[in-house]
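# Structural overview for review
So you can see what is in the structure, the chains are spelled out below.
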Amino acid sequence: GYPDIAPVNLPMAPTEALTRAEQTARALGWNIVAVEAGDGRIEAVAVTPWFGFRDDIVIRVRPAPQGSRVDIRSKSRHGLSDLGVNAERIRAFIARLKA
C-alpha cells in the first residue's frame, strides 16, 4: 500500500539503534508504554490531535549485517480508515530517525 515505507538500516549496534529509536519516538510526542531492550522492542501510543483517537505503535530493532534494522508499525484502534495518518506518522519517524 505504501511502497515508500520500508525498514531503516542504521550503521550502529542494535542497543544504540534502540536508544535512538526511543529518543525519536519521545521527540515526536508519543507516549512510551514499554521498552524491552532484550527483545529490541518499543511500544508506544500516539494520540490524534483532533479527536483524541489512540493509535498503537510498535518499533522493532534487529541486528543487521551493517548494524541494525529498524521496523515500525502504527495502527489505529478505531475506525475503518485512518486517512493516511499512520503512514504519515511512520514517515515522520523514519525521517527523524535518519537525520
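The text that follows walks through the structure, step by step, so that each part is easy to find. This structure is a prediction, so every number in the text was calculated from the model and none was measured.

Of all hydrophobic cores here, the largest spans 20 residues; its most connected members are Trp 30, Ile 59, Val 70 and Phe 93. Contributions of two or more residues to this core are made by β1 (8-10), α1 (14-27), β3 (41-47), β4 (54-64), β5 (67-76) and α2 (85-98). Once residues lying within four places of it in the same chain are set aside, the contact partners of Trp 30 are Ala 25, Ala 44, Val 45, Ala 46, Ile 57, Ile 59, Ile 72, Arg 89 and Phe 93.

Scanning all chains against the criterion turns up eight salt bridges. Between Arg 91 and Asp 4 there is a salt bridge, with its nearest N and O atoms 2.6 Å apart. You can see Arg 91 sitting in helix α2 and its partner Asp 4 sitting in the segment before β1, a full 87 residues away along the chain. One salt bridge connects Arg 41 with Glu 43, and the closest N-O pair in it is separated by 2.9 Å.

One ladder, built from seven bridges, connects β3 with β4; its direction is antiparallel. Bridging across to β4, Glu 43 finds its partner in Val 58. In this structure, the hairpin formed by β3 and β4 is closed by a connection of six residues, where Gly 52 is found at a positive phi of approximately 70°. The sheet contact formed by β4 and β5 spans ten bridges and is antiparallel. Opposite Arg 60, over in β5, you have Asp 71 as the bridge partner.

Of the strand pairs in this sheet, strand β2 (residues 31-36) and β3 are connected by five bridges, and their pairing is antiparallel. Counted as the bridge partner of Val 35 is Ile 42 from β3. Between the end of β2 and the start of β3, which pair antiparallel, lie four residues, with Gly 40 showing a positive phi angle near 65°.

About the thresholds
Residues numbered from 1 in each chain as written. Predicted model: local features only at pLDDT ≥ 70, side-chain atom pairs only at ≥ 80, totals over all residues. Heavy atoms only, no water. Core = buried A, V, L, I, M, F, W, Y, C linked by side-chain atoms within 4.5 Å. Buried < 20%, exposed > 50% of the residue type's maximum accessible area, 1.4 Å probe, protein only. Helix = DSSP H or I, 4+ residues; strand = E, 2+ residues; numbered from the N terminus. Contact = heavy atoms within 4.5 Å. Salt bridge = Lys/Arg side-chain N within 4 Å of Asp/Glu carboxyl O. Pairing = 2+ DSSP bridges.

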